[in-house]
Amino acid sequence: MSTILKIFVFPAALVIMCLGVLTILGGHITPGGGFQGGAMIAAALIFCLIIYGLKDSPFHLSHDFLSAVESVGALIFVLLGIAGLAFSGFYLYNLGVDIYHIVPATIQNLFDYPDPTHAGIIPYLNFAVGLKVMVGLTAVVIAFMGFKEYEEESEESEDLNEEEVE
Amino acid sequence: MIVYLGPTALGLLLGFVLGTRIKDVPESGLKFGASVYILFLIVAVIVSYAQGPFPYYTGTPFASGLIATAVGIILGKLVFGRGNTPQKMEE
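A brief report on the enclosed structure follows.

The rules behind each value
Residues numbered from 1 in each chain as written. Chains lettered and ligands numbered in written order. Predicted model: local features only at pLDDT ≥ 70, side-chain atom pairs only at ≥ 80, totals over all residues. Heavy atoms only, no water. Axes fitted to C-alpha atoms, helices over the stretch in contact; angles between N-to-C directions. Helix = DSSP H or I, 4+ residues; strand = E, 2+ residues; numbered from the N terminus. Parallel < 35°, antiparallel > 145°, perpendicular 65-115°, else oblique. Left-handed = near helix turned anticlockwise from the far one by under 90°. Contact = heavy atoms within 4.5 Å. Nonpolar A, V, L, I, M, F, W, Y, C, P; charged D, E, K, R; others polar. Buried area = accessible area lost by both parts, 1.4 Å probe. Salt bridge = Lys/Arg side-chain N within 4 Å of Asp/Glu carboxyl O. Polar contact = N/O pair within 3.5 Å; in protein donor to acceptor, adjacent residues only side chain to side chain. Expected span 1.5 Å × (residues − 1). Buried < 20%, exposed > 50% of the residue type's maximum accessible area, 1.4 Å probe, protein only. Patch = residues over 30% accessible without salt bridge, like charges linked within 9 Å, V, L, I, M, F, W, Y side chains within 5 Å. Areas by Shrake-Rupley, 256 points an atom, 1.4 Å probe, with all protein chains shown as cover. Lys, Arg positive; Asp, Glu negative; His and termini not counted. Charge placed at Lys NZ, Arg CZ, Asp CG, Glu CD.

Describing the packing of helix α3 (residues 63-88) of chain A against helix α5 (residues 122-165) of chain A
All names here are of chain A.
No. 1: Put simply, α3 and α5 touch, their axes get as near as 8 Å, and they point 150 degrees apart. The pairing of α3 with α5 is recorded here as roughly antiparallel in orientation. Read as a crossing pair, α3 and α5 show a hand that is left-handed. Note on element contacts: α5 touches α3 through Tyr124, Leu125, Phe127, Ala128, Val129, Leu131, Lys132, Met134, Val135, Gly136, Ala139 and Ile142, opposite Leu66, Val69, Glu70, Val72, Gly73, Ala74, Ile76, Phe77 and Leu80.
No. 2: Residue composition of the contact of α3 with α5, grouped by class: 17 nonpolar, two polar and two charged.

The structure is reproduced here in structure tokens:
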């Protein structure tokens, strides 16, 4: 890739990431949410991967990191659902809003989202989905780039073997 | 001016996680120094001011979540992203 792209893409990716996070944070009252914001962050990471390549990318996305973030996202979602089940009897009940007035005020305050909308657990669910989508989409591209490199390496080694046989 | 805790905390957390992944790769021949992050912060402030108090907040004239994310990315880079360890290729 050209030098201009290599200089421009990393700072641009950082700004795109910020906009992705903002999309996640506004998901409870504006168009967007976890999936869309996560896809925007993934787009920024993929942008870097395409321009710099898998080895030279300034974002080091190891297998451990990707699996950990994906697991944390899934766990947050499931635990919020189980918390609703435990305190109200309904899976994924919005404990922070409590429209049926069936949970104690302490629990309601605990799961409240501190902003003017008081959307309860919805922003936290968006956050969890955003984490999962971000690493999920990035992992697909990393896997494809890894397969491509592996294919090229295996083709090169086959060529070398054929030359040695001849 | 009221800065709400929810978007600020979540933005900072997500930005921090992303910032920890940034590491210099000496083999690539490119080095993103402090100037890149200062420029990024200035651009983030301009973008957040242009965005307004997203989403439908009225406490500040700028998007506090975006500023928090930018600060989180820089903090994550400063705390965990200083090493130059090469990326491990999965077998």
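Now that the structure has been shown, we can carry on.
Details of the interface of chain A and chain B
No. 1: Facing 41 residues of chain A, the contacting portion of chain B comprises 39 residues.
No. 2: For the pair chain A and chain B, the two sides together bury roughly 3,700 Å², of which 79% comes from carbon and sulfur.
No. 3: Contact with chain B buries surface across chain A, with Cys18, Leu22 and His60 of chain A losing the most and accounting together for 18% of the total.
No. 4: For the pair chain A and chain B, the interface holds zero salt bridges.
No. 5: At the surface where chain A touches chain B, the tally comes to four residue pairs in polar contact (both at pLDDT 80 or more).
No. 6: Elements with a minimum of two residues in the side of chain A that touches chain B: α1 (3-25), α2 (34-56), α3 and α5 of chain A.
No. 7: A per-element tally of the side of chain A that touches chain B places α1 of chain A first, with 13 residues.
No. 8: Here the side of chain A that touches chain B is composed, by residue class, of 28 nonpolar, seven polar and six charged.

A look at unusual backbone geometry
No. 1: Between Phe54 of chain B and the following residue, Pro55 of chain B, the backbone shows a cis peptide bond with an omega angle of -10 degrees.
No. 2: One non-glycine residue, Asp98 of chain A, lies in positive phi territory at about 55 degrees.
No. 3: The topology assignment puts Asp98 of chain A in the loop between α3 and α4 (105-110).
No. 4: The phi angle at His101 of chain A is positive, at roughly 55 degrees, despite the residue not being glycine.
No. 5: Its place among the elements puts His101 of chain A in the loop between α3 and α4.

Topic: helix α1 (residues 5-19) of chain B
No. 1: In this model α1 of chain B runs 20 Å from its N-terminal to its C-terminal C-alpha over 15 residues, within 8% of the 21 Å that 1.5 Å per residue would give.
No. 2: The complete set of buried residues in α1 of chain B reads Gly6, Pro7, Leu10, Gly11, Leu14, Gly15, Leu18 and Gly19 of chain B.
No. 3: In this fold, the buried residues of α1 of chain B make contact with α1, α2 and α5 of chain A together with α3 (64-80) of chain B.

Some points on the pattern of salt bridges
All names here are of chain A.
No. 1: Taken as a whole and assessed by the stated rule, the structure comprises one salt bridge over all chains.
No. 2: Ionic pairing is found between Lys132 and Glu70, a salt bridge with its closest N-O pair at 2.8 Å. One end of the pair, Lys132, is in helix α5; the other, Glu70, is in helix α3, with 62 residues separating them in the sequence.
No. 3: We classify Lys132 as partly exposed; its relative accessible area is 30%.

Some thoughts on a negative patch on the surface
Residues and elements named next belong to chain A.
No. 1: On the surface, Glu151, Glu152, Glu153, Glu155, Glu156, Glu158, Asp159, Glu162, Glu163, Glu164 and Glu166 cluster together to form a negatively charged patch.
No. 2: Locating Glu163 in the fold gives a position in helix α5.
No. 3: Given a relative accessible area of 55%, Glu163 falls into the exposed group.

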